[in-house]
Amino acid sequence: MTAIPTPGQLAWQQDGFGLFLHFGINTFNGEEWSDGFLDPATFDPTELDTDQWAETAVAAGAKYVVLTAKHHDGFCLWPSSTTDYSVASSPWQDGKGDVVAELSRACRTAGLGLGLYLSPWDRNADCYDDPAAYDAFYLRQLTELCTRYGPLYELWFDGAGSEGRTYDWDAVMAVIDKHQPDAMVFNMGRPTIRWVGNEDGLAEDPCWYLTESTGISVYDDGQAALDSARYLPPECDVPIRANWFWQPDDLHTLKSTDHLLGIWYRSVGLGAGLLLNVPPDRRGRIDDADRTRLLDFTDEAARRFAEPIPATLTTIDGGIQVSFAESVRIDHLELREDLTAGQHIMRHEVVTDGQLIAVGQTVGVRRIHAFDPVTVRELRIRLAGGSAAALAAVTGYFTGKSAAPGL
């Protein structure tokens, strides 16, 4: 069975890279999962600068950001009519501030997509134990986010803490269909993209886009069955440090440039999307050390792929001939599949002069292979599971780095 992606899904896959922004009352209290009763007076960023967040994302090559508008603690980064547990009860901007509005404006200025995370689990809401009452409460919050801040790129639904709980997802999707029909929906409800299944940022080979179920939570190995097999490309989420919210004592866990490059090869390079968490600190700015490490990583990735060497493809007996205009030295290949009719390639091998230099299973939106340098004029690619027409493009690169960094 083959499922066909929507234009929106294909565009999301082409974008490939976004920044996660975990920010909220936890940031100011050294917490990751607070109980919903931290004092709103503790939320008080001294230099909140959403333009700096957006500028950092653009400098890193990200196409979108996802902000924790409400995490599991229930604290809202916008002045919601549903609860007093929000920025309206904080000293920041004398209770008149709206982080979501400021980020929405910054994203429009920077040309970034704006994604919002609205936790279904709410540890502050008095009505949470009454499913019908909480569903109505949650729909009001979702409607506020979907109607106040312009077009949304992605709506992120985190299943952590909701193990065993059923929400009115039909009603949730009705709100999205009415107000934000073009937004990607992450993993729950009627999703258009799915969670990769871990918080390490790593996809697997094969990286299939067709699935009959989605993983809900890192704390639950169970799968949520879908009503039918769907085209749902995965998004890989991972924090740049050990923690998701900025913490004052975990700088030593900041991932190295090589580690981040390894994640990139194992997510974007396998045909998945990457959502890298780079959390604002208590000033309300991206931490200087995190920003420097992020840009070191993305600058190096950009350097490696700054000089593409295009090739022409010809169907031949036994596969596809890849021809370069002249003999070239390469140590990376990027393969791209034509996904307009769905994902078909199940396995591929790259051969030159009888030597196997790369092998893998799926190709998808992009597949990056790194290998020891070779000088070639022609390559041959053998495919399984898809016709030669399924392979849309092959591009060579010489990066001077003959292998993907280890993790």
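Residues numbered from 1 in each chain as written. Predicted model: local features only at pLDDT ≥ 70, side-chain atom pairs only at ≥ 80, totals over all residues. Heavy atoms only, no water.

**Q** Quick question: what am I supposed to make of the nonpolar core here?
**A** Most often, soluble globular proteins have nonpolar side chains that are buried together. Leu 67, Phe 157, Leu 276 and Leu 294 are the most contacted members of the largest nonpolar core, which has 90 residues in total. It is helix α4 (residues 131-148) that provides the largest number of residues to this core, a total of 7 residues. Look past the residues within four positions of Leu 67 in its chain and what remains in contact with it is Leu 21, Phe 23, Trp 53, Leu 77, Val 99, Val 100, Leu 103, Gly 115, Leu 116 and Tyr 117. Membership of the second largest hydrophobic core comes to 21 residues, among which are Ala 311, Leu 333, Phe 371 and Val 374. (Core = buried A, V, L, I, M, F, W, Y, C linked by side-chain atoms within 4.5 Å. Buried < 20%, exposed > 50% of the residue type's maximum accessible area, 1.4 Å probe, protein only. Helix = DSSP H or I, 4+ residues; strand = E, 2+ residues; numbered from the N terminus. Contact = heavy atoms within 4.5 Å.)

**Q** Even after reading the chapter, I still don't get the packing of aromatic side chains, so can you show me in this structure?
**A** Here a ring pair, both rings aromatic, is described through the centre-centre distance and the interplanar angle of the planes. For the structure on display, the rule yields 25 aromatic pairs. With centroids separated by 5.4 Å and ring planes inclined at 65°, the aromatic side chains of Trp 33 and Trp 121 adopt a geometry described as edge-to-face. Linking Trp 33 in the loop between β1 (17-21) and α2 (50-59) with Trp 121 in the loop between β3 (113-118) and α4, this pair joins segments that are 88 residues apart in sequence. With centroids separated by 5.3 Å and ring planes inclined at 40°, the aromatic side chains of Phe 43 and Phe 75 adopt a geometry described as tilted. Of this pair, Phe 43 sits in the loop between β1 and α2 while Phe 75 is found in the loop between β2 (64-70) and α3 (99-110), placing the two residues 32 residues apart along the sequence. On the accessibility criterion, Phe 43 (0% relative accessible area) is buried. Its end group placed over the ring of Tyr 128, Arg 165 keeps NZ or CZ at 4.1 Å from the ring centre. (Phe/Tyr/Trp six-rings, centres within 6.5 Å; stacked < 30°, edge-to-face > 60°. Lys NZ or Arg CZ within 6 Å of the ring centre and 35° of its normal.)

**Q** Teacher, can you tell me more about helix α1 (residues 7-15) here?
**A** Helical geometry note: an α-helix holds 3.6 residues per turn, so side chains three or four residues apart project in the same direction. For α1, the set of buried residues is Gln 9, Trp 12 and Gln 13. Buried residues in α1, looked at end-on, bunch into an arc of 100°, giving them a common side. One or two steps after α1, the chain reaches Gly 16, where phi turns positive at roughly 80°. (Arc of directions from axis to C-beta.)

**Q** How should I be thinking about the sheet that holds strand β5 (residues 184-186) in this particular structure?
**A** In a beta sheet, neighbouring strands are held together by backbone hydrogen bonds and run either parallel or antiparallel to one another. Taken together, the 8 strands give an open sheet; going across it, the order is β5-β4-β3-β2-β1-β10-β9-β6, and neighbouring strands pair in parallel fashion. What marks the edges here is a single partner per strand, and that holds for β5 and β6 (194-195). In terms of strand pairing, β1 meets strand β10 (residues 273-277) through 4 bridges, oriented parallel. Paired with Phe 17 across the two strands is Leu 274, which belongs to β10. Each of β1, β2, β4 (154-156), β5, β9 (234-239) and β10 is contacted by α1, which is oriented at about 75° to β5, the strand it contacts most. Each of β1 and β10 touches helix α7 (residues 288-304); the most contacted strand, β1, lies at about 170° to it. (Pairing = 2+ DSSP bridges. Axes fitted to C-alpha atoms, helices over the stretch in contact; angles between N-to-C directions.)

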